[in-house]
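# Notes for the structure review
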Amino acid sequence: MWEVVAPGELVEARLEAAGAALRRAGFHEFPELGETVRLASRAAEEACAHVRGRALFGAHAALPWPEDPLLRLWHAQTLLREYRGDGHIAVLVSEGLSGLEALILYAATTPKMVPLLKGTRGWSDEDWAAGEEDLRAKGLLGEGLTLTERGQVFRQGIEDRTDVLAFPAYAVLDDAECERLAELARVFGRAVVGAGLLNVG
């Protein structure tokens, strides 16, 4: 028999699991934690004023903010990720790309991520090969997992348009604060990989 679990319990369990993993990696002791929380929270809170058309972000934005600084950072980063992600999906759909095609275009710029992308998304080798052929037919992918010149321009255009759609969240920060948040995000990102919390191959 399946055990019925309330959605709220699942959300709480995810938050607890994230906090436990980040603490095991020592993130709660990072001297930059407070500064990162302040900047990320400001941007995430501003994003909440621009929910229209962003379904997944909107669902996360409806969740309460945790009090614990580490969990507050987790929530803020989740909001910012999903805010950009919903915009990214809108651009991909506007270009007529399937989910698999979009994934392969991304993988072409980061080939070491292919095993992780296949494993976490459940694509078979056959599906992946068919997706590559579809992109070759569109002139976006060359031999192997390499973008054609047209493919490079096409993918950069997608990223540029996605960045424009993500801009409202960061408009509340000045240029120096945006640069500082990006710098801090890189520090935390490298720490996530270094602690083994994300295996990128």
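Residues numbered from 1 in each chain as written. Predicted model: local features only at pLDDT ≥ 70, side-chain atom pairs only at ≥ 80, totals over all residues. Heavy atoms only, no water.

## With respect to the packing of helix 5 (residues 99–107) against helix 7 (residues 125–137)
Any two packed helices are characterised by the angle at which their axes cross and by the distance between the axes. Viewed as axis vectors pointing N to C, helix 5 and helix 7 meet at an angle of 80°, and their least axial separation amounts to 9 Å. It follows from the interaxial angle that helix 5 and helix 7 lie roughly perpendicular. In this structure, helix 5 contributes Leu100, Glu101, Leu103, Ile104, Leu105 and Ala107 to the contact, and helix 7 contributes Asp127, Trp128, Gly131, Glu132, Asp134 and Leu135. (Axes fitted to C-alpha atoms, helices over the stretch in contact; angles between N-to-C directions. Helix = DSSP H or I, 4+ residues; strand = E, 2+ residues; numbered from the N terminus. Parallel < 35°, antiparallel > 145°, perpendicular 65-115°, else oblique. Contact = heavy atoms within 4.5 Å.)

## Focus on helix 4 (residues 69–94)
Counted at 1.5 Å a residue, the expected span for helix 4 with its 26 residues is 38 Å, and the 38 Å between its end C-alpha atoms agrees. Capping the start of helix 4 is the job of one residue whose side-chain oxygen sits 3.0 Å from the backbone nitrogen of Leu70: Asp68. Gly96 sits one or two residues past helix 4 and shows a positive phi near 75°. (Expected span 1.5 Å × (residues − 1). Polar contact = N/O pair within 3.5 Å; in protein donor to acceptor, adjacent residues only side chain to side chain.)

## Here's the deal with the side chain of Arg54
For Arg54, the location among the structural elements is in the loop between helix 2 (33–47) and helix 3 (55–61). Asp86 is the oppositely charged side chain nearest to the buried, salt-bridge-free Arg54, at an N-O distance of 6.0 Å. Of the polar contacts made by the side chain of Arg54, one reaches the backbone oxygen of Tyr83; its length is 2.6 Å. A polar atom in the side chain of Arg54 sits 2.7 Å from the backbone oxygen of Leu165. (Buried < 20%, exposed > 50% of the residue type's maximum accessible area, 1.4 Å probe, protein only. Lys, Arg positive; Asp, Glu negative; His and termini not counted. Salt bridge = Lys/Arg side-chain N within 4 Å of Asp/Glu carboxyl O.)

## Description of the side chain of His60
Here His60 lies in helix 3. If we skip the residues at most four places from it in the chain, His60 touches Arg14, His75, Thr78, Leu79 and Glu82.

## So, the pattern of salt bridges
Overall, the coordinates contain 14 salt bridges when judged by the stated rule. Arg72 is paired through a salt bridge with Glu45; the nearest N and O atoms lie 3.1 Å apart. Placement of Arg72 in helix 4 and of Glu45 in helix 2 is noted, with a sequence separation of 27 residues between them. With relative accessibility at 22%, the residue Arg72 sits in the partly exposed group. Since its relative accessible area comes to 40%, Glu45 is described here as partly exposed. One connected set of salt bridges, linked through shared partners, spans Arg84, Arg155, Glu159 and Asp163.

## Looking at the state of the cysteines
For the structure on display, the rule yields zero disulfides. Unpaired in this structure, Cys178 has its nearest cysteine sulfur neighbour in Cys48, at a distance of 17 Å. Note on Cys178: relative accessible area 27%, which makes it partly exposed. (Disulfide = S-S within 2.5 Å.)

## Regarding the packing of helix 5 against helix 6 (residues 114–121)
Running from N to C, helix 5 and helix 6 point in directions that differ by 160°, and their axes come no closer than 10 Å. The orientation of helix 5 with respect to helix 6, classified from their angle, is roughly antiparallel. By crossing handedness, the relation of helix 5 to helix 6 is classed as right-handed. Contacts between helix 5 and helix 6 involve Leu103, Tyr106 and Ala107 from the former and Val114, Leu117 and Arg121 from the latter. Partitioned by chemical class, the residues of the contact of helix 5 with helix 6 number five nonpolar, no polar and one charged. (Left-handed = near helix turned anticlockwise from the far one by under 90°. Nonpolar A, V, L, I, M, F, W, Y, C, P; charged D, E, K, R; others polar.)

## Examining the nonpolar core
Residues Phe27, Leu33, Ala40, Leu73 and Leu80 are the most contacted members of the largest nonpolar core, which totals 22 residues. Here the element with the most residues in this core is helix 2; it accounts for seven residues. Setting aside anything within four residues of it in sequence, one finds Phe27 in contact with Leu22, Leu33, Leu70, Phe188, Ala191, Val192 and Leu197. Counting 20 residues, the second-largest nonpolar core is a separate cluster that includes Val91, Leu117, Leu140 and Phe154. (Core = buried A, V, L, I, M, F, W, Y, C linked by side-chain atoms within 4.5 Å.)

## Re helix 9 (residues 175–194)
If you check helix 9, its first and last C-alpha atoms are 29 Å apart, about what 20 residues at 1.5 Å a residue would give, namely 28 Å. For helix 9, the complete set of buried residues consists of Leu181, Leu184, Phe188 and Ala191. The arc enclosing the buried residues of helix 9, seen along the axis, measures out at 85°, which places them on a common side. Exposed positions of helix 9 whose direction lies more than 90 degrees from the buried face are Asp175, Glu179, Arg190 and Gly194. Packed against the buried residues of helix 9 are helix 2, helix 4 and helix 8 (149–170). The residue sitting at the N-terminus of helix 9 and contributing the capping side-chain oxygen is Asp174; that oxygen lies 3.1 Å from the backbone nitrogen of Ala176. Two residues or fewer after helix 9 comes Gly196, characterised by a positive phi angle close to 80°. (Arc of directions from axis to C-beta.)

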